[in-house]
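This is what each chain is made of:
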Amino acid sequence: MYDVDKLLEAKRQIDSTLHKIREVIKTFEAKENPSRYKSQLTLSKRRLKAFGIANQLIEDKLAELGVTGRPGEMF
């Protein structure tokens, strides 16, 4: 369905997005009144879980294809 290069690029993009979402969560939680940002925190945490699942599925597919990583890649 998808070739290895496309899967690796998708994983790279998801890893980047996960990093950004984690930073957003840290920022909201560090605010003076984090309860004010409850809906944004909930949305960010749900996105974190969803992207985490997508990332795991890509890793599983790459492992199924016999790809264990490339230099500079970690999974």
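Residues numbered from 1 in each chain as written. Predicted model: local features only at pLDDT ≥ 70, side-chain atom pairs only at ≥ 80, totals over all residues. Heavy atoms only, no water.

With respect to the overall build of the chain
Each helix and strand counted, the chain has two helices and zero strands in total. In terms of C-alpha radius of gyration, the chain reaches 15 Å, well past the compact-globule figure of 11 Å for 75 residues. Counting only C-alpha atoms, the chain reaches 45 × 25 × 15 Å along its principal axes. With 75 residues in all, the chain has 21% of them scored as buried. Looking at the chain alone, contacts between residues at least 24 apart form 64% of all its contacts between residues at least 6 apart. Total accessible area on the chain is roughly 5800 Å²; 54% of this is exposed by carbon and sulfur atoms. Considering the chain, the positive charge centre built from 15 side chains and the negative charge centre built from 11 side chains are found 9 Å apart. (Helix = DSSP H or I, 4+ residues; strand = E, 2+ residues; numbered from the N terminus. Rg over C-alpha atoms; globule rule 2.2 N^0.38 Å. Buried < 20%, exposed > 50% of the residue type's maximum accessible area, 1.4 Å probe, protein only. Contact = heavy atoms within 4.5 Å. Areas by Shrake-Rupley, 256 points an atom, 1.4 Å probe, with all protein chains shown as cover. Lys, Arg positive; Asp, Glu negative; His and termini not counted. Charge placed at Lys NZ, Arg CZ, Asp CG, Glu CD.)

Let's talk about the nonpolar core
Core analysis: the biggest nonpolar cluster contains seven residues, these being Leu7, Leu8, Ile14, Leu18, Ile58, Leu62 and Val67. Broken down by secondary-structure element, the contributors of at least two residues to this core are helix H1 (4–30) and helix H2 (38–64). The leading source of residues in this core is H1, at four residues. Not counting residues up to four positions away in its chain, the partners in contact with Ile58 are Leu7, Ala10, Lys11 and Ile14. (Core = buried A, V, L, I, M, F, W, Y, C linked by side-chain atoms within 4.5 Å.)

Focus: H2
Between its terminal C-alpha atoms H2 stretches 39 Å, which fits the 39 Å expected from 27 residues at 1.5 Å a residue. Turning to H2, its buried residues number three or more, namely Leu41, Ser44, Asn55, Ile58, Glu59 and Leu62. For H2, the elements touching its buried residues are H1. Where H2 ends, the next residue or the one after it, Gly66, has phi of about 85°, a positive value. (Expected span 1.5 Å × (residues − 1).)

What to know about the environment of Phe28
The residue Phe28 is located in helix H1 in this model. Given the relative accessible area of 17%, Phe28 is considered buried. Excluding anything up to four places from it in sequence, Phe28 contacts Pro34, Tyr37, Gln40 and Leu41.

Some points on the packing of aromatic side chains
Taken as a whole and judged by the stated rule, the model has one aromatic pair. Measuring from ring centre to ring centre gives 5.3 Å for Phe28 and Tyr37, while their planes differ by 25°; the resulting arrangement is stacked. On the basis of relative accessibility, which here comes to 19%, the residue Tyr37 falls in the buried class. (Phe/Tyr/Trp six-rings, centres within 6.5 Å; stacked < 30°, edge-to-face > 60°.)

Observations concerning H1
Taking 1.5 Å as the rise per residue, H1 with 27 residues should run 39 Å; its terminal C-alpha atoms sit 39 Å apart, in good agreement. Taken together, the buried positions of H1 are occupied by Leu7, Leu8, Lys11, Ile14, Leu18, Ile21, Ile25 and Phe28.

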